[in-house]
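What follows is each chain in one-letter form.
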Amino acid sequence: MPDHSTTAIVFTGKDQVEVRTMPSPEPRPGEFTVRLTRSLVSAGTEGICLGRLFEPGTHWDRWVRYPFHPGYSAVGTVCAIGEGTHRVRVGDRVAVRSPHASVVLVGADEDVHLVPDSVTDEEAVWFHLATIAQVGVRRAEHRLGDTVAVLGLGPVGQLASQYARVCGAAQVFAVDLSARRTELAVGNGAHTGLTGTAEKARSAILEATGQGVDVVYDVTGAAPVFAEALRMTREFGTVVVLGDTGTPTAQTLTSDLIVKGLNIVGAHDMHGAFAAGPRNPWNNQRMGELFFSLLARGDLDTASLNSHVFPATEAKEAYRLVQARPEDLTGLILDWTTL
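Note that the coordinates shown come from a computational prediction; the quantities given were computed from them, not determined experimentally. (Residues numbered from 1 in each chain as written. Predicted model: local features only at pLDDT ≥ 70, side-chain atom pairs only at ≥ 80, totals over all residues. Heavy atoms only, no water.)

**Examining the side chain of Glu 31**
Position of Glu 31 relative to the elements: it lies in the loop between β2 (16-23) and β3 (32-41). If near-sequence neighbours (up to four positions away) are discounted, Glu 31 is found in contact with Glu 26, Ile 81, Gly 82, Thr 85, Leu 105, Val 106, Gly 107 and Ala 108. (Helix = DSSP H or I, 4+ residues; strand = E, 2+ residues; numbered from the N terminus. Contact = heavy atoms within 4.5 Å.)

This is the structure:
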């Protein structure tokens, strides 16, 4: 008999994780369901949500309501189709934006990508974090030969470093407190790995470049780093805030903004969904398609970023790791095939 239940990861309160069984969703016209094989934990974002590490009144505070269903990057197989659905067929392997659950419902207008045969589930599961990173890279408006610093080498920072290289950066400085993370970024094309604080990296970057870098990505989510990002950017350079902090009131400007005429850009997940138009055709769907093209031909590497795999039933242990040792993580995958 078919299984009419789904298993889902739910945050029921601050620091509270449950693995719940609930009725499986049924597709309506234009919809379909996907049985997940893998989903990717966005450790920075989900750690902030789980620990409520954000200020009252922020967009975080408005977003995180209990029961909260985390997750937004997954891969699996289409298992049922609603009437009038022509985008996919039962049995197709797809990457979808969905919460962590064994069976998920996909709406008619949501981003869906057929996964190329040459791409594994473990590689494909990165697709939505890759579009988030791509939003930031597009906002940077790179020029061939740019010098770039990426501060914070978690999942999105690792991808931003790779994208910057694909865009033709002459020098990419990859900065993180974790030596393993900096070594990983260098292994994937960054030119210089700097292990330590942003302040320490600033000294090394200014010594190497003489004037600072053209583009800095602050992907740390740590409010104090923003000021250091301003200080290491060259005159008329760009700072892309790609790491979303829970404490924005602690981000402070320095005189570098005025003195050097800096361009500060905020880049967020939602921008890819709404920014597309005649002058900017790159919505989330198209950015995802480009990601899979780059991945299939070897211009991007996500397989090496996967540091941990947990059976979905051990989600509590996975999130304990997210909260206790986030510096150990790059890619934390939940495996739904063990249910």
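**Some details on the environment of Thr 37**
Position of Thr 37 relative to the elements: it lies in strand β3. For Thr 37 and Ala 74, which are 37 residues apart along the polypeptide, the C-alpha to C-alpha distance reads 7.9 Å. Within the structure, Thr 37 has its side chain in polar contact with the side chain of Asp 121 (distance 2.8 Å). (Polar contact = N/O pair within 3.5 Å; in protein donor to acceptor, adjacent residues only side chain to side chain.)

**Some points on the sheet that holds strand β12 (residues 233-241)**
One open sheet accounts for 6 strands, arranged β10-β9-β8-β11-β12-β13; its pairing is parallel. At either end of the open sheet lies a strand with only one pairing partner, and these are β10 (192-195) and β13 (263-266). On average, adjacent strands in this sheet sit at an angle of 15° to one another, irrespective of strand direction. In the sheet, strand β11 (residues 213-218) pairs with β12 via 5 bridges, with the strands oriented parallel. Counted as the bridge partner of Val 213 is Thr 233 from β12. Against the sheet, helix α6 (residues 179-187) touches β9 (171-176) and β10, its axis set at about 175° to β10. (Pairing = 2+ DSSP bridges. Axes fitted to C-alpha atoms, helices over the stretch in contact; angles between N-to-C directions.)

**Some remarks on the packing of aromatic side chains**
According to the stated counting rule, one finds 6 aromatic pairs in the structure shown. Measuring from centroid to centroid gives 5.1 Å for Phe 11 and Tyr 319, while their planes differ by 85°, and the two rings are edge-to-face. Placement of Phe 11 in strand β1 (residues 5-13) and of Tyr 319 in helix α12 (residues 315-324) is noted, with a sequence separation of 308 residues between them. Taking the relative accessible area as the measure of exposure, Phe 11 reaches 0% and is therefore buried. A residue is classified by how much of its surface remains accessible, and Tyr 319, at 1% relative accessible area, is buried. One aromatic cluster in this structure is built from Phe 11, Phe 54, Trp 60, Trp 63, Phe 68 and Tyr 319. Arg 286 extends its terminal NZ or CZ atom over the ring of Trp 282, reaching a point 4.0 Å from the ring centre. (Phe/Tyr/Trp six-rings, centres within 6.5 Å; stacked < 30°, edge-to-face > 60°. Buried < 20%, exposed > 50% of the residue type's maximum accessible area, 1.4 Å probe, protein only. Lys NZ or Arg CZ within 6 Å of the ring centre and 35° of its normal.)

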